[in-house]
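Fold and contact review
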Amino acid sequence: MKKLWIALAVVVILALAGLAFWLYNDLNKQKQENQEMQELAELDKKEMENEYRQFALQYSEMKTQINNDSIVAQLSAEQEKTQRLLKELQQVKANDAREITRLKKELATVRAVLRSYVIEIDSLNRLNQNLVEENTRVKAQYQEATQQIEGLNTEKQSLSEKVAIAAQLDAIGISMQPKDKRGKDTKQMSKCKTVQVNFALAKNVTATSGLRNIYVRIMSPTGSLLGDAGSFGYEGKTLQCSMKKSVEYGGQETPVTLYWNVSQALVGGTYNVSIFADGNMIGSKNFAFN
């Protein structure tokens, strides 16, 4: 009878161990799926930001193609709305499904409005062309030559702007990890001795290859900049950076890691990491720590 009880106990222990192993694997799988969903959300948000930027640029281009003050004013208002929505999108977290859904609907509206203005401006341009053709042959020839030159200049400027935009670097997979005195990850900022920032320069075959200076700014929950690794130019201003690094970029995805040794007491809260290169902000992300 004693042996039977022992056998039953062994069976129960083995069953419990199997259940624990299954629960552990299932938990790890869920964590991996959540991480993958977060990464997809970040990519979706970045794509939306790029679309908002492109629409704002298209409004600028259209304003140069029309001489109607009323329409220009309407285009300016729509451009300001697009830029405002872009700022709202940049400030919202990728996992805020409600806000992301709202801004997706707004993006669809912006796209539809932009398309209607393209059709209207094209119609006005066609009408103007018909009026010009009613003038004398000499005046028409002169006007046509002038329009061709202006059109070439506009196309050249537009193409240059689009090439410059396409060649801008983009920081993806941004992460910030506090480390304790033993170099291990910690969520408690009071124990943090080193801050590690990881990201990658996305693949971009249109970007110029060569050495790039990368600047990183880490803003604390109180709004102060961590560290002082020098300065750089951004939108006509001089900004200080927390860290900087020179990276050889050849158009392929390039991983980058920087470290900042803690020189001041850190507190819990939301920290912002912003990354700059070539006078542009190429990425930004918020992180919450205890």
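This text goes with the structure placed above it.
So, how was this worked out
Residues numbered from 1 in each chain as written. Predicted model: local features only at pLDDT ≥ 70, side-chain atom pairs only at ≥ 80, totals over all residues. Heavy atoms only, no water. Core = buried A, V, L, I, M, F, W, Y, C linked by side-chain atoms within 4.5 Å. Buried < 20%, exposed > 50% of the residue type's maximum accessible area, 1.4 Å probe, protein only. Helix = DSSP H or I, 4+ residues; strand = E, 2+ residues; numbered from the N terminus. Contact = heavy atoms within 4.5 Å. Salt bridge = Lys/Arg side-chain N within 4 Å of Asp/Glu carboxyl O. Pairing = 2+ DSSP bridges.

1. Thoughts on the nonpolar core
If you look at the biggest cluster of nonpolar residues, it comprises 29 residues, and the most contacted ones within it are Met176, Phe199, Leu201, Ile218, Val273 and Ile275. Elements represented by at least two residues in this core include exactly strand E1 (171-179), strand E2 (194-201), strand E3 (210-219), strand E6 (243-249), strand E7 (254-261), strand E8 (269-277) and strand E9 (280-289). Beyond its immediate stretch of four places on either side in the chain, Ile218 contacts Met176, Val195, Val197, Ser224, Leu225, Leu226, Ser242, Met243, Tyr271, Asn272 and Val273. Judged by nonpolar contacts, the second largest core, of 19 residues, contains Phe55, Tyr59, Ile66 and Ile71.

2. Topic: the pattern of salt bridges
This structure, assessed with the given rule, holds 10 salt bridges. Between Glu49 and Lys46 there is a salt bridge; the shortest N-O distance is 3.9 Å. You can see Glu49 and its partner Lys46 sitting in helix H1 (residues 2-63), 3 residues apart, about one turn around the helix. The exposure class of Glu49 is buried, given its relative accessible area of 6%. The class of Lys46 is partly exposed, set by a relative accessible area of 21%. Two residues, Arg102 and Glu99, come together in a salt bridge whose shortest N-O distance is 2.8 Å.

3. With respect to the pairing of E2
Across the 8 residues that make up E2, a large majority, 7, are buried. In this structure, E1 lies alongside E2, joined through 7 bridges in antiparallel fashion. Of the residues in E2, the one forming a bridge with Gln177 is Gln196. In the sheet, E2 pairs with E7 via 8 bridges, with the strands oriented antiparallel. Looking across to E7, one finds that Val195 is bridged to Trp260.

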